[in-house]
Amino acid sequence: MSERQKKTFVITRFDPDTDEVPKTESYEIEVEPYWKILDAINYIKDEVDPSLSHRWSCRMAVCGSCGMMVNGEPRLTCKDRLSGYGDTIEISPLSNFPVIRDLVVEMDGFMDKFNQVKPWIIRAKELAAEDGPMRQSPEELEEFKQFSMCINCMLCYSACPVVANEPEFLGPAAIALGHRYNIDSRDEGAAERNEVFRGEGTVFSCSYANECSEVCPKNVDPAAAVNQAKFNAVIDWATGLVISRDGKE
Amino acid sequence: MEIESISHDIVIVGGGGAGLRAAIAVAEADPQLSIGMVSKVYPMRSHTVSAEGGAAAVAREDDNFEMHGFDTVKGSDFLGDQDVIQYFVQEAPKELALLEHWGCPWSRNEDGSVATRAFGGMSTKRTWYATDKVGFHMLHSLFQHSMRFEQIVRYDEQFVTKLLVEDGVVRGVASLNIRDGVLRIIRGRAVILATGGAGKIFPFTTNGNIKTGDGMSLAYRAGVPLKDMEFVQYHPTGLPGTGILITEAARGEGGYLRNKDEERFLVERDYGVGTKAELGPRDMISRAIIQEIEAGRGLEGAHGQYMNLDLTHLGEEKIQARIPMVRELSKLYIDVDPVEAPIPIRPVVHYMMGGIDTDIDGATSIRGLYAAGECASVSLNGANRLGSNSLTECLVFGARAGRCAVDFSRGIDEGSDANLRAQAEEEVARIEALRNKRSGNEKISRLREELNTTMESGCGVYREEGSMQASCETIDVIKQRLADVSLQDGSRVFNTELIAAMELANMVDCAEAVARCAVVRKESRGAHTRRDHPHRDDQNFLHHSLAYYEPGSPPRVGTKPVTLGKWEPEERKY
Amino acid sequence: MARPAHPHAMQPSRPGSTRTAPPQMPPRYPMGGRYRNYTLFDATGLVYLLVGFVALRIVWALGSGREAWQSMLNQLENPLYIAFHVLAFVSVVFVAVRFFSLFPKAQPPRIGPAKPPPAPVITAMLYGVWFGITAVMTFVLIGGNL
Amino acid sequence: MKTFLLRVEPLIWLLFGQGILIGTMLLTGWVLVVGILAPLGFFPNGMDYTRALDVASNPVSRLVLFALIALPLWKGAHHLRSLSIDLGGADRDTTVATTLYALAVVGTILAAIAVVRL
Ligand SMILES: Cc1cc2nc3c(=O)[nH]c(=O)nc-3n(C[C@H](O)[C@H](O)[C@H](O)COP(=O)(O)OP(=O)(O)OC[C@H]3O[C@@H](n4cnc5c(N)ncnc54)[C@H](O)[C@@H]3O)c2cc1C
Ligand code: SF4
Ligand code: F3S
Ligand code: FES
């Protein structure tokens, strides 16, 4: 078919059973010009070294499993064209995450943070199925829509310097998610979440590096969300000083 | 070492749309119950995430249950069970409303009501959508909502290898923690399988890497028959090469299919879709495309012949507002901007109508074992699923299976510890042997490829006795060769090669059921189209097929009656 | 090779069942690629802190009488002071440019009942106000009367 | 101390933000004239003692001068804190943060006194 091309992949390997620290291994393979980075990794896994471990599933940039560092940048590998790279490509696991094995990182820390922001609709009174759908205008939808596009690929965590150095920080995607619910016209839980935002993993830790938004493959713009969340958390805090909320403090 | 055993009231295998909905249903039915949810990927990675077009439920004034019911029955080529369909259409709007309450960002009309779009085989606009990332939004809404229930305990990245059954009652599952390679017993007084489809048995599919038919194989090996496996849905519009889906919503929003002469062939020639044209059901349009290609009217590309899906007349604004993902995917994976040029497409394996045989409750022939979602065949879809019915199916029957499992679990004890341990120990021995298997001449990737190839040649859009028989034989051989695979990865930690080996075995089970049932059904119905038997034969084949597992030999194929009702079978013409 | 991140970065609350390799910082951090501007932005903190205290000294001197003021002015002519103020000027402009590009999207879509204007308008306003204030400041400081 | 810091974080962030926004806007002209042009000998009139005192003691000017001193201190303290965290000092954070904010507090008080005694 089309002309194949030789490329070298330098892949970080780590097996906790046998390796003290991660090492690298090189694979020279022939690639098709239309391949994505993930296709090359899958090829290596299938044909060259089946002991290579990595996560992937949808190969259409929506399941969020295939994030890796490609030449030092966090990338969604099923979305990333090979043709944009030179002859040697370095692949390593997402930075800022503990590494379980090879290209597989520990995700549970992320899931903990995700859970902390209460990412569900909170309402004073729950509706029943028979009540039918609530109303929401297209404009109200537009306000949070962008922040609901996150595929949890964690690239933003891998790019954020604060995440790297402040273990408690909730981090971009989790805050964006909490904020997404806060500004959803159907939600009534902003006060609760704002308390979380001002708590231990405080949104104020973000120093607006904007790296999260630079690397986000879905244009979620988590930096916008985080900084809007700060704004709202401050307003909420200030109103709390003036008007005491019933039942609290 | 002692095998660890954990107990829950209800165990759910699968964290996709169906699994999550079931978990929430259980949590709501009785807050006291503890739920174990096992999934081989983190739930939001489940393949429900990739569904694009929408979820069907009656919503508009000009629509009613009767119409949705009949569309579904007709779409199923009268192989859907009509009691199931009636229940489904009634529950559908409630389920989608619940999802709305849980935060799903449905697209809206100006007045704030939920917007609906046209879909193939549906007689009016009843497909709810959230642009064209419906599965994504539904899955994330469900997953996030499920987090509020502390009683839902997740076992993420754990791979269920066996159902633990004792005297015809399911007692739990054996689950391999992918992280550390340790097998555990997760016990439950009822088990719900929601493991999704098996599209990966085909080479060219919209399905992701995880859709290997695990749950089907688990139930099948435990003795539950697989139903209607010969019905494999080809979606008319996949991107050549990758198989990535271009949603039916592209046609729902007004896209045209054109051949190399730029003709709208569905309008020009009679392919049975009548005035519905591009909005005909998937089986018919897929056949039409293949026929056009065979008649020499296909376009030639790097990945074989294709047709064009033309959206250029819709304009950038509409494309961006309604189907942004179509544009994103086309640009990214095939370098075509649909605003400017037509998208090359060809039929692609998409969905398994068949699956674990269940009744309307999701119950199987093993007591306490339930199944829902794509892995199950509750007989909603019959011989051909209508687009956008299956996401709703995951909700409606996921919830029902959850509630029924709760009822069942009330009257049942935990079962014998010793028996389960013995089974689990066998499982550990088997997996350990596989992990340490260095001898053998077969490679996983090669066997998978051969399985894929034979499925495409034997069980494609058009089928024939000869090629199907050949597939059956090839699968027999692959089954034997499976014993001769060798693994290179001996690690306990995140050993994806080991998982792939087990998934391959599951795929072979499913593939065999598909091919064997297909041979037996000597008629053309829905997605099962035979050149040697081009017509539907209600006399002899108005029944479901059942494939029963037979250790060491091909499955025994039996039948099960279809539940008819209001609608008598008639010729399927649009 | 990148340097290690905080050993607890992204660690789960419940430790995983296998040993992990410690998290690494993104390899380009802190001065490579886009990170350089971020790090410099943070580093202007030092300049701002010092400028603040220098301004405090200046105003304090003004309040302390003619002589104190004159000696302050003499000190400011010291090349080191001038060099520092040149650095400060560069920093201030750098901060303004970076921050004004980041600020608009940090506006929530709605603050109470009010909706902020679209981002380009906010940016334009920021630059307008910045130039305006700077012009007035400069005018007054060089001896102009309002 | 850590809990106290968390509690006042919103306030600190507000001051920091104003430090960037207002601080930067006020500092540009100030640094340009007082720090660079005047010492180099341009526009000698502006720095004349009587005139300077006259202009500065206007209530609005006092406020401007106060903001011009205090707000950059908060911007500086906060940014230095995050720099120290980013360079790996998260574990010493309370000490670093307390010291920096203490400096800013002292500076702010002195700034208030400085503009009052003009
Ligand atoms: C590209 C695409 C587009 C689609 N678009 C539409 C559409 O527009 N409308 C519509 O109605 N339908 C659509 N469908 C169909 C629909 O998405 C699926 O039928 C539905 O999502 C299936 O959901 P599920 O919950 O059954 O399975 P899945 O979402 O596939 O979930 C399976 C779960 O089971 C787990 N699992 C599997 N095996 C094991 C194991 N051995 N051990 C532990 N866990 C396991 C997995 O981890 C996963 O969590 C589409 C499908 C595809 C592929
Ligand atoms: S915000 Fe973007 S980068 Fe971060 S997890 Fe979500 S999709 Fe990925
Ligand atoms: S990269 Fe990090 S510092 Fe803030 S703007 Fe994004 S979260
Ligand atoms: S494989 Fe799903 S996002 Fe890349």
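Residues numbered from 1 in each chain as written. Chains lettered and ligands numbered in written order. Predicted model: local features only at pLDDT ≥ 70, side-chain atom pairs only at ≥ 80, totals over all residues. Heavy atoms only, no water.

1. Concerning the side chain of A:Asp187
Residues and elements named next belong to chain A. Selection criterion: Helix and strand definitions follow DSSP, with helices as H or I runs of at least four residues and strands as E runs of at least two, each counted in order from the N terminus. Here a polar contact is recorded for every N or O atom pair within 3.5 Å, except that within protein the pair must consist of a potential hydrogen donor and a potential acceptor, and residues adjacent in sequence are included only if both atoms are side-chain atoms. Two residues form a contact once any of their heavy atoms are found within 4.5 Å.
Within the secondary structure, Asp 187 sits in the loop between helix H6 (172-182) and helix H7 (190-197). A distance of 2.8 Å separates the side chain of Asp 187 from the backbone nitrogen of Ile 122, its partner in a polar contact. From its side chain, Asp 187 meets the backbone nitrogen of Gly 189 in a polar contact 2.7 Å long. Excluding residues that lie within four positions of it along the chain, Asp 187 makes contacts with Trp 120, Ile 121, Ile 122, Tyr 181, Asn 182 and Arg 193.

2. Description of the pattern of salt bridges
Selection rule: For salt bridges, the criterion is a side-chain nitrogen of Lys or Arg within 4 Å of an Asp or Glu carboxyl oxygen.
Under the definition given, this model contains 89 salt bridges over all chains. A salt bridge links B:Glu292 to B:Arg297; the nearest nitrogen and oxygen atoms lie 2.8 Å apart. D:Asp93 is paired through a salt bridge with D:Arg81; the nearest N and O atoms lie 3.1 Å apart. With D:Asp93 in helix H4 (residues 93-116) and D:Arg81 in helix H3 (residues 59-89), this residue pair connects regions lying twelve residues apart in the sequence.

3. Focus on the side chain of B:Ser141
Within the secondary structure layout, B:Ser141 lies in helix H4 (residues 134-146). Not counting residues up to four positions away in its chain, the partners in contact with B:Ser141 are B:Trp102, B:Gly103, B:Cys104 and B:Pro105.

4. Digging into the sheet that holds strand S12 (residues 226-227) of chain B
All names here are of chain B. In plain terms, the rule: Should DSSP find at least two bridges between two strands, the strands are taken to pair. The axes used here are C-alpha line fits, helices contributing only the stretch in contact, and every angle between their N-to-C directions lies in the interval 0 to 180 degrees.
A sheet is described by the order of its strands in space; here five strands give the open sequence S20-S18-S12-S23-S24, paired in mixed fashion. Edge positions in the open sheet fall to strand S20 (376-377) and strand S24 (553-561), since each of these has one partner strand only. With seven bridges connecting them, strand S23 (residues 543-550) and S24 associate as antiparallel partners. Note that in S24 the partner of Ser 545 across the bridge is Thr 559. Along the sheet, helix H15 (residues 496-520) contacts S12, S23 and S24; its crossing angle with S24, the most-contacted strand, is approximately 60°.

5. Examining the sheet that holds strand S4 (residues 55-56) of chain B
All names here are of chain B. Pairing in this open sheet of three strands is antiparallel, and the strands run S4-S6-S5 from one edge to the other. The two strands at the open ends of the sheet, each matched to only one other strand, are S4 and strand S5 (116-117). Bridge analysis of S4 against strand S6 (residues 127-128) gives two bridges, and the strand direction is antiparallel. Residue pairing in the sheet places Ala 56 in a bridge with Thr 127 of S6.

6. Here's the deal with unusual backbone geometry
Defined as follows: Relative accessibility thresholds used throughout: buried, under 20% of the residue-type maximum; exposed, over 50%; partly exposed, between the two (1.4 Å probe, protein chains only).
The residue after C:Tyr29, namely C:Pro30, is reached through a cis peptide bond having omega 5°. Mapped onto the secondary structure, C:Pro30 falls in the segment before helix H1 (35-63). Despite not being glycine, B:Asp228 shows a phi value in the positive range, around 55°. By the element assignment, B:Asp228 lies in the loop between S12 and strand S13 (232-238). The exposure class assigned to B:Asp228 is buried, which follows from its relative accessible area of 1%.

7. Side note on the interface of chain B and chain A
The condition is simple: Buried area counts how much accessible surface, traced with a 1.4 Å probe, disappears from two parts once they are put together, with both parts' losses summed. When residues are sorted by character, Ala, Val, Leu, Ile, Met, Phe, Trp, Tyr, Cys and Pro go into the nonpolar class, Asp, Glu, Lys and Arg into the charged class, and all the rest, Gly among them, into the polar class.
On the side of chain A, 68 residues touch chain B, which itself brings 71 residues to the contact. In total, about 5,600 Å² of surface goes out of reach between chain B and chain A, with carbon and sulfur atoms giving 52% of it. In this assembly, chain B and chain A are joined by eleven salt bridges. Ionic pairing is found between A:Arg55 and B:Glu157, a salt bridge with its closest N-O pair at 2.7 Å. Across the contact surface, chain B and chain A share 38 residue pairs in polar contact (both at pLDDT 80 or more). Where the side of chain B that touches chain A is concerned, the elements lending two or more residues are helix H3 (82-101), H4, helix H10 (324-334), helix H13 (444-458) and H15 of chain B. Partitioned by chemical class, the residues of the side of chain B that touches chain A number 24 nonpolar, 26 polar and 21 charged.

8. Some thoughts on the pairing of strand S8 (residues 158-166) of chain B
All names here are of chain B. The buried count for S8 comes to eight of nine residues, which makes it a mostly enclosed element. Bridging between S8 and strand S9 (residues 169-177) involves eight bridges; their strand directions are antiparallel. Bridge pairing links Val 165 to Val 170 in S9. In this structure, the hairpin formed by S8 and S9 is closed by a connection of two residues, where Asp 167 is found at a positive phi of approximately 50°.

9. Section: the site of ligand 3
Spelled out, the test is: Any residue with a heavy atom positioned within 4 Å of a molecule or strand is treated as near that molecule or strand.
Around ligand 3 sit A:Cys160, A:Val162, A:Pro172, A:Cys206, A:Ser207, A:Tyr208, A:Ala209, A:Asn210, A:Glu211, A:Cys212 and A:Ala223, and those are all the residues in its vicinity. Of the residues that constitute the shell around ligand 3, the class distribution is eight nonpolar, two polar and one charged.

10. A word on the domain arrangement of chain A
All names here are of chain A. We count it as follows: An automatic or database domain assignment is the source of the domain bounds shown.
Segmentation of chain A into domains returns domain 1 (5-105) and domain 2 (108-248). Tallying the contact residues gives 17 residues for domain 1 and 15 residues for domain 2. Of the roughly 1,100 Å² buried where domain 1 meets domain 2, counting both sides, 61% is carbon and sulfur surface. The largest per-residue losses of area from domain 1 upon contact with domain 2 belong to Pro 74, Asn 96 and Phe 97, which jointly make up 44% of the total buried on that side. Taken together, domain 1 and domain 2 are joined by zero salt bridges.

11. Here we look at the interface of chain B and chain C
A common way to report how large an interface is uses the accessible area buried once the components associate. Residue-level contacts link four residues of chain B with four residues of chain C. Between chain B and chain C lies a buried interface of about 310 Å² when both sides are counted; carbon and sulfur atoms form 45% of it. On the chain B side of the interface with chain C, the three residues burying the most area are B:Arg179, B:Asp180 and B:Val493, jointly 97% of the side's total. For the pair chain B and chain C, the interface holds zero salt bridges. Our count for the contact surface shared by chain B and chain C stands at two residue pairs in polar contact (both at pLDDT 80 or more). Here the side of chain B that touches chain C is composed, by residue class, of one nonpolar, one polar and two charged.

12. Focus: the nonpolar core
Filter applied, for reference: Take the buried Ala, Val, Leu, Ile, Met, Phe, Trp, Tyr and Cys residues and link them wherever side-chain atoms come within 4.5 Å; each set so joined is a nonpolar core.
Ranked by size, the top nonpolar core spans 231 residues in total, and within it A:Phe110, B:Trp106 and D:Trp30 carry the most contacts. A total of 15 residues in this core trace back to one element, the largest contributor, which is helix H1 (residues 2-37) of chain D. One finds B:Ile3, B:Leu451, B:Ile478 and B:Ile499 within the second-largest nonpolar core, a separate group that totals 80 residues.

13. Things to note about H10(B)
Residue and element names in this part refer to chain B. Here H10 lies mainly inside the structure; eight of its eleven residues are buried. Residues Pro 324, Met 325, Val 326, Arg 327, Leu 329, Ser 330, Leu 332 and Tyr 333 constitute the buried set of H10. Packed against the buried residues of H10 are helix H6 (249-252), helix H9 (316-322) and strand S17 (343-352). Just downstream of H10, Asp 335 is the residue with a positive phi angle, here 60°.

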